[in-house]
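Chains, contacts and geometry: an overview
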Amino acid sequence: MRWTNSYIPTLREDPAEAELISHKLLMRGGYIRKVTAGVYNYLPLMQRVLLKITRIVREEMDKAGALEITMPVLHPAELWQASGRWDVVGKEQMRFKDRHGRDLCLGGTHEEVITDLVKGELKSYRQFPKNLYQIQVKFRDEIRPRFGLIRGREFIMKDAYSFDVDEDGLDKSYNKMVDAYFKVFDRCGFNVRKVEGDTGAMGGTGAHEFMVIVDTQGGEGVIYYCDKCDYAATDERAEFYESSNDTKIEPLKEKELVHTPNAKTIAEVTAFLNTPSKKLIKTLLYLVDGEPVAALIRGDRMINEIKLKNYLKANELELADADTIMRLTGAEVGFTGPCGLKNIRLVVDTEIYGMRNFITGANKTNYHFINVNHPRDFTFEDIIDIKMAEEGERCPRCKQGILKSDRGIEVGNTFKLGTKYSQAIGAKFIDKDGKEKPIVMGSYGIGITRTAQAAVERFHDKNGIIWPKPIAPYGIHIIYTNSSDKNQVETAFDIYNELKEKGIEVLIDDRDERAGVKFKDADLIGIPLRIVVGERGLKDKTAEIKIRKSGENIKIPLAEIVPNALKIYEEIC
RNA sequence: CGGGGUGUGGCGCAGUCUGGUAGCGCGCAUGCUUUGGGAGCAUGAUGUCGGAGGUUCAAAUCCUCUCACCCCGACCA
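Criteria and cut-off values
Residues numbered from 1 in each chain as written. Chains lettered and ligands numbered in written order. Predicted model: local features only at pLDDT ≥ 70, side-chain atom pairs only at ≥ 80, totals over all residues. Heavy atoms only, no water. Helix = DSSP H or I, 4+ residues; strand = E, 2+ residues; numbered from the N terminus. Buried < 20%, exposed > 50% of the residue type's maximum accessible area, 1.4 Å probe, protein only. Contact = heavy atoms within 4.5 Å. Areas by Shrake-Rupley, 256 points an atom, 1.4 Å probe, with all protein chains shown as cover. Axes fitted to C-alpha atoms, helices over the stretch in contact; angles between N-to-C directions. Parallel < 35°, antiparallel > 145°, perpendicular 65-115°, else oblique. Nonpolar A, V, L, I, M, F, W, Y, C, P; charged D, E, K, R; others polar. Core = buried A, V, L, I, M, F, W, Y, C linked by side-chain atoms within 4.5 Å. Domains from an automatic or database assignment. Pairing = 2+ DSSP bridges. Buried area = accessible area lost by both parts, 1.4 Å probe. Salt bridge = Lys/Arg side-chain N within 4 Å of Asp/Glu carboxyl O. Polar contact = N/O pair within 3.5 Å; in protein donor to acceptor, adjacent residues only side chain to side chain. Phe/Tyr/Trp six-rings, centres within 6.5 Å; stacked < 30°, edge-to-face > 60°. Patch = residues over 30% accessible without salt bridge, like charges linked within 9 Å, V, L, I, M, F, W, Y side chains within 5 Å. Lys, Arg positive; Asp, Glu negative; His and termini not counted. Charge placed at Lys NZ, Arg CZ, Asp CG, Glu CD. 1 Å grid on protein atoms, 1.4 Å probe; cavity = no way out; pocket = protein on both sides within 12 Å on 5 of 7 lines; lining within 4 Å. Points joined across faces, edges and corners; volume = space filled by probe spheres on them.

What to know about the overall build of chain A
In terms of helices and strands, chain A carries 15 helices and 31 strands. Principal-axis analysis of the C-alpha atoms places the extent of chain A at approximately 95 × 65 × 50 Å. Taking all 573 residues of chain A together, 53% fall into the buried category. Restricting the contact set of chain A to residue pairs at least 6 apart, pairs at least 24 apart contribute 69%. Counting every atom, chain A has about 26,600 Å² of accessible surface; 48% of that belongs to carbon and sulfur.

What follows is the structure, given as structure tokens:
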């Protein structure tokens, strides 16, 4: 491809709207242009990258036995009402009415549609297992779109759905997809870390996320992993081994009301009472689908609202406001405690079980209790892990390793759905024994556009993008330094034509620009291999090969330039 | 939705406080020179200053409303 025949509008300056390096580089390199918040044009270079990722995904899905189909973007509300997600997903969904006033939405995922599809067709256990997938644009009305393609309102996704007769079958299908995912991302040129994820609004019995680890702000997700075993989980999901309850053996002391004027926060209370925050219990008052719930965790811990929400099977969960707290506890914010709370469900973190003689709010402004103990001073039924994991804690699986954390971009996810959707929508089959059973499902996503940007976030330097070879828009980029030198132009085009004949995807910068401009743009758009034809080299009948990734510059006789370029291109990745 | 911020040629920005006939850099067009890391000179084109209403002799600038976008948070199938 000649540069002048393509459409590659590079920018000299960073666009004001972009925050993330990958977003800036994709804008500056002429890969994407914004249409409106979270919605982008994909320009020719980007289109090529997306097609390459898509091809890799398609090949690996097909190899794994999945069948490609296309489902509609437009969904009727009825299907979503049937699964119960019309209310759960709520505002995330792009919704509107048609001319008849019927509710419709744009699909953000296709569990409902595909379950409805197979319910008429997969009727016998003999037809299983099946796996159907599509690669298609998706819509999600994100509260706050940001970071370019990382969190868009419209994006391209591969979504696959497996259908099995039982949990064993699901496990097999699931593992097949997990294997395929590792192959996909490996072929795209980067490592991913598979971590345990939250099932969220998907529901179901288990989930994993595939994260590209990045050392920049581009890592939206935080993960925790063990430094000894293979435990890894998202921050929403991560747990740790609770080994240290060194207060266990303390004899019980008498509960006492103490005056703690203006000590509202954990920091203020611990400073005032001169005690470690581990001795405190935080009581957080939530409104859960309108009902008050008090969540208790140790003073030095952070609450994990996802865990709490999942445990309570809640749709909406929000911290109570000051007025509500006053009404329910009789005290200002900062003095809530479990003792004497009436008609409020207590959800207690597991770590609290072994604690003795701790400090809580007294439900009286400016007072706390010390030496509180359960079940003497209060009782509860709900005891569950509702705290955030922290670096430095022990691994919950091997109990030996220490938890570390990283930031990453989620490029894929897998869910064991079980029978949630098949039951709701009535997708049943007849088993060997003649009994009707719900289909056991899994769902599997890969963000195509997000993967492209994650690659840029992962592979770049101060001069621009450094594409992994398998997803680069072109393989080799040819530059001649002086367009008024006919010899240079002819030599460059000879190389160009020869490489094209060898089946290489070549971009030649045939613009009437000075060398500096071409070099800068070449660095920016990030094609793996560059061939430079210039006056310097032509004097002694050579040209240069530059490897984008290493910066290595190799002088090669013109007669051998093509075979050498092919060889080096083959070797780099 | 809450908090903060920005809208001025294609892009990046100044001008707004203190009202007085819209500017800079890049890019674009033409010509000449130049030609290995974002060239120089000359000439030129491109703006309803996000939109609506108001105040005023006069509004990019002040007031009211509104829209869009960006950042932080909640959300994220």
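Regarding the packing of helix α1 (residues 21-28) against helix α11 (residues 448-458)
As a packed pair, α1 and α11 sit with axes 8 Å apart at the nearest point and diverge in direction by 105°. In terms of their interaxial angle, α1 and α11 are classed as roughly perpendicular. Here I21, S22, H23, L25 and L26 of α1 lie close against α11, whose contacting residues are Q453, V456 and E457. Among the residues making up the contact of α1 with α11, the classes are represented as 4 nonpolar, 3 polar and 1 charged.

Digging into the nonpolar core
Membership of the largest hydrophobic core comes to 59 residues, with the highest contact counts inside it found for L26, Y31, M61, F185 and W467. The residues that make up this core include at least three from each of domain 1 (8-235 + 405-457) and domain 3 (474-571). Those residues in contact with Y31, other than ones at most four positions away along the chain, are L26, N41, Y42, L43, L45, M46, V49, I465, W467, P473 and I525. Within the second largest apolar cluster, 26 residues are counted, among which are V506, I561, I568 and Y569.

Quick notes on unusual backbone geometry
Residue P129 follows F128 across a cis peptide bond; omega there is -5°. H374 connects to P375 through a cis peptide bond whose omega is 0°. As for its placement among the helices and strands, P375 is situated in the loop between β19 (367-372) and β20 (382-383). Notably, N262 is not glycine yet its phi reads approximately 60°, a positive angle.

With respect to the sheet that holds strand β29 (residues 529-533)
By definition, the strands of a sheet pair up through backbone hydrogen bonds, in either a parallel or an antiparallel sense. Strands sit in the order β28-β27-β29-β30-β31 across an open sheet of 5 strands; the sheet is mixed. With partners counted over all chains shown, the strands left at the sheet margins are β28 (506-509) and β31 (553-557), one partner each. Each strand of the sheet is rotated relative to its neighbour by a mean of 25°, with strand direction disregarded. With 5 bridges connecting them, strand β27 (residues 476-480) and β29 associate as parallel partners. Note on β29: the bridge partner recorded for I476 is L529. The sheet contacts of helix α13 (residues 515-525) involve β27, β28 and β29, and relative to β27 the element is tilted by about 170°. Packed onto the sheet, helix α15 (residues 561-571) meets β27, β29, β30 (542-547) and β31 and runs at close to 10° relative to β30.

A few points about the domain arrangement of chain A
By the assigned domains, chain A splits into domain 1 (8-235 + 405-457), domain 2 (256-383) and domain 3 (474-571). A C-alpha centroid distance of 39 Å is found between domain 1 and domain 3. Across the boundary between the two partners, domain 1 contributes 11 residues, which contact 7 residues of domain 3. On the domain 1 side of the contact with domain 3, T10, R48 and K52 bury the most area, a combined 48% of that side's loss. Scanning the region where domain 1 abuts domain 3 turns up 2 salt bridges. The partner of K52 in a salt bridge is E505, with the nearest N and O atoms 2.5 Å apart. Our count for the domain 1 to domain 3 interface comes out at 4 residue pairs in polar contact (both at pLDDT 80 or more). Elements with a contribution of two residues or more to the side of domain 1 that touches domain 3: α1 and α2 (44-63). For the side of domain 1 that touches domain 3, the element with the highest residue contribution is α2, accounting for 3 residues. In terms of residue class, the side of domain 1 that touches domain 3 is built from 5 nonpolar, 2 polar and 4 charged.

A few points about the packing of aromatic side chains
What the rule picks out here adds up to 12 aromatic pairs. Look at F190 and F459: their rings are 6.3 Å apart centre to centre, the planes differ by 45°, and that puts the pair in the tilted class. Taken together, the residues span a long stretch of sequence, with F190 in the loop between α6 (167-188) and β9 (193-196) and F459 in the loop between α11 and β25 (460-461) at a distance of 269 residues. When its relative accessible area of 22% is taken as the criterion, F459 is described as partly exposed. On the basis of an interplanar angle of 45° and a centroid distance of 6.3 Å, the ring pair of Y480 and F493 is categorised as tilted.

With respect to a negative patch on the surface
The grouping of D289, E291, E316, E318, D321 and D323 at the surface amounts to a negative patch. In this structure D321 comes out as partly exposed when scored by relative accessible area, which is 43%.

Some words on the pattern of salt bridges
Summed over all chains, the structure comprises 40 salt bridges. Where K387 meets E242, a salt bridge forms, and the shortest distance between an N and an O atom there is 2.6 Å. Taken together, the positions of K387 in the loop between β20 and β21 (403-418) and E242 in the loop between β12 (232-234) and β13 (256-259) put the pair 145 residues apart, joining distant regions of the chain. A residue is classified by how much of its surface remains accessible, and E242, at 27% relative accessible area, is partly exposed.

Looking at the sheet that holds strand β15 (residues 291-298)
With respect to topology, 5 strands assemble into an open sheet ordered β16-β14-β15-β17-β20, the strand pairing being mixed. The open sheet is flanked by β16 (317-319) and β20, the only strands paired with a single partner.

Some points on the environment of R458
With respect to the helices and strands, R458 occurs in helix α11. Separated by 263 residues in sequence, R458 and V195 place their C-alpha atoms 18 Å apart. Discounting residues that sit within four places of it in the chain, R458 has contacts with V212, I213 and V214.

Regarding the layout of surface pockets
By volume, the second largest pocket is sized at about 330 Å³. Every element with two or more residues in the lining of the second largest pocket is listed here: α7 (266-273), β14 (281-288) and β18 (358-361). Examining the composition of the lining of the second largest pocket, we find that 5 residues originate from one element, β14, more than from any other. Counted by class, the lining of the second largest pocket contains 12 nonpolar, 7 polar and 2 charged residues.

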